Structure formats: C-alpha cells, structure tokens
Amino acid sequence: MNRVVNFFFGKPESRVSLSQTVLLDNCANCGASLTGPYCSKCGQKKEGKSDFKVSHFLGETFHAFTHFDSKFFATIKNLFRRPGFLTLEYIQGHRKKYMNPIQLFLVCNIFYFLFATFDTFTTPLQYLKEGLFRNKISEMVDAKVKEEGISYKDYELKFNERSKGEAKTLIILMIPIYAFFISLLFMGQRRYFVEHLVFSLHFYSFMLIFMIFGFQIIYILITLIMLLARVTKLVSHEEAVAVLQFFNVDEGITILSGIFYFAYLFVAMKRVYAQSNFESFFKALISVYLIYFTITIYRSLLFFSTFYGLRLSLH
C-alpha cells in the first residue's frame, strides 16, 4: 500500500522548521552568501528569532498587502497544484515570489463573499440556532423578540442582514483556532505557532476558492455522469435525480467537500510536516473533522457578535 501511495504522492520530504532556517549561513531565498543582515543579491533580510514573533508576522503582512502584483497568479497556481508547497516555501525563507499568507487569505475572502453561492460562513439565524449553545441562543432570541415587540420573522431578517457584514470580518478568527488544533496534532515537532498559522492560512485560502469554483465544477461533472448513466440505462430517471438532489443539499456537500479537503490535507501535511503515510493519513482525517468543529465555533462567535451588535443598533 505504501508503494502505491508513494508512487502518487512521493515519500515524506526532509522535515524543515523555522528554527532551522535561522541557522542558515546563506540567503534562504536565493542561496547567496551573506555578508550582512541583508542579501546583496536579492535583498531579503536574514532570518532571526525576532522575525518569528506574531507582531513581526503581522507587520510583514501589512507591507506585503500594500504591494499586490502578479505574485497572485504564481501563488494561486501553487496553492492548487502543490498542496503544502507555499507553506514549505515560507518556512524555508523563499518568499519573494509569492503573496504573504494573510494577504492571500484576505484576497480569497473577498472573492468568496463576492461570488460564493453557499452560506457556509454567512450563516442565517435558522442554522445558528442548531449549533453550539442552541438552547441559550433560542432563549436569547425569543427574549429579544418579546422585548422589542416585533415578529420573529422581522427580527430574523434584520439579524441575517447584519450577519453578512459581521461574517466578512469574523471569518479571520477561524485561522488561529484551526492553527491551534493543528499545533496540538504536531506538538512533538516543537514548531513555532506561526508555522501552523501559515499552514492554516494557505489551507483556508484553498478552501475559500474551492467553495466558489470547485463545487460548481464537480456538480457539473456529476450531472454529466448521471446523464451518461441515464442514457446507457445504468440508472433510472428517479435514481439520477436523487443523486443530483443529494449533492445539492448540506449532507451531500459536506461529504463531497470532506473528501477533497482530506486529500488536500494529506498531501499538504506530508509535504510540510514530513511524516509517514500512516501519520499523514491519520492526522489529515482528524483535521477534516477539526475544519467543521472550527466552523461550529466560528458560527457561535458570529451569533453573539451579531446579536449584541444588532441589540445596540435597535436602541
């Protein structure tokens, strides 16, 4: 089995961490000899321990966000074609050719809210009441409706409208939550938290773009397959319709997305964290569950943020 997996995905690469990059005598980006704090060939600064503080990472992000150029296309191409490659490049110090991770995530976030047709992150009140703290949420909403003297439907319309705006900013909260879970999975490697943060940013960037275009492409392919199966009389008309309907509701979408997320995470984790096929398989499987658990936490935060924000606006 390992030979088959290795044939398609390759053997685990040598493990690389930021702490190793600090010890390099040459420029991490181009390999030229260093004679000072900056590379005389490409201009990249030599890595130091202070560079791996979250404050430095955010400062670097701000600078990168103001210099948007054709790096976007090279970044997107590698994001989809080579899972985990961008994270590994960042860790190894090869950053000149690609967008900063947060810059990439914010751009993908904009695309998602402009073009996505799913309510995965812009979650209506109806679904928020079915998540964590469902009893508490129902009590709070019922009390608020009674207090304001309005109908539940009117309150729901106002809530959902405000929730759309809140979601555009709160979605970033999923990144550190997911990165924290990933850091627990790889606790034994003693990596900087920023490394897990970068990995999470790249994965969520992939996920946002996949939600826009991936589902549409896959649904078209499934439709064509069902059409061909119907023409060749492999399935009945009712069976074909049932399959298409299944992949057009939450349960089918969740299963379909979970399969693709697992495949992506398996390759990405194997490339970045350099573990065996079994370890990568097991941790990728757990990570898929953690995606939906992170979204559940995010939805609860979205409810409370929207509820109290709306509460202030109604007074």
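Below you will find a few notes about this structure. Since the structure is predicted, the reported quantities are computational estimates derived from the model, not experimental observations.

1. Notes on the packing of helix H11 (residues 193-231) against helix H12 (residues 237-246)
Then comes step 1: Contact geometry of H11 with H12 gives a least axis separation of 10 Å together with a crossing angle of 170°. Here H11 is positioned roughly antiparallel relative to H12, judged by the angle of their axes. On H12, the residues touching Tyr219, Ile222, Thr223, Met226 and Arg230 of H11 are His237, Ala240, Val243 and Leu244.
Then comes step 2: Along the lines of polarity and charge, the residues of the contact of H11 with H12 split into six nonpolar, two polar and one charged.

2. Some points on the nonpolar core
Then comes step 1: Ranked by size, the top nonpolar core spans 71 residues in total, and within it Phe203, Tyr204, Tyr261, Leu265 and Ile291 carry the most contacts.
Then comes step 2: Sort the elements by how many residues they give to this core and H11 lands first, with 18 residues.
Then comes step 3: Look past the residues within four positions of Ile291 in its chain and what remains in contact with it is Tyr178, Phe203, Tyr204, Met207, Tyr261 and Leu265.
Then comes step 4: Counting ten residues, the second largest nonpolar core, distinct from the first, contains Leu125, Met140, Val141 and Phe307.

3. Some points on a positive patch on the surface
Then comes step 1: A surface patch of like charges, here positive, comprises Lys77, Arg81, Arg82 and Lys97.
Then comes step 2: Mapped onto the fold, Lys77 is located in helix H4 (residues 71-81).

4. Remarks on a nonpolar patch on the surface
Then comes step 1: Where nonpolar side chains cluster on the molecular surface, the patch consists of Phe213, Ile217, Ile220, Leu221, Leu224, Leu227 and Val231 and spans about 710 Å² of accessible area.
Then comes step 2: Note that Phe213 resides in helix H11.

So, how was this worked out
Residues numbered from 1 in each chain as written. Predicted model: local features only at pLDDT ≥ 70, side-chain atom pairs only at ≥ 80, totals over all residues. Heavy atoms only, no water. Axes fitted to C-alpha atoms, helices over the stretch in contact; angles between N-to-C directions. Helix = DSSP H or I, 4+ residues; strand = E, 2+ residues; numbered from the N terminus. Parallel < 35°, antiparallel > 145°, perpendicular 65-115°, else oblique. Contact = heavy atoms within 4.5 Å. Nonpolar A, V, L, I, M, F, W, Y, C, P; charged D, E, K, R; others polar. Core = buried A, V, L, I, M, F, W, Y, C linked by side-chain atoms within 4.5 Å. Buried < 20%, exposed > 50% of the residue type's maximum accessible area, 1.4 Å probe, protein only. Patch = residues over 30% accessible without salt bridge, like charges linked within 9 Å, V, L, I, M, F, W, Y side chains within 5 Å. Areas by Shrake-Rupley, 256 points an atom, 1.4 Å probe, with all protein chains shown as cover. Salt bridge = Lys/Arg side-chain N within 4 Å of Asp/Glu carboxyl O. Lys, Arg positive; Asp, Glu negative; His and termini not counted. Charge placed at Lys NZ, Arg CZ, Asp CG, Glu CD.

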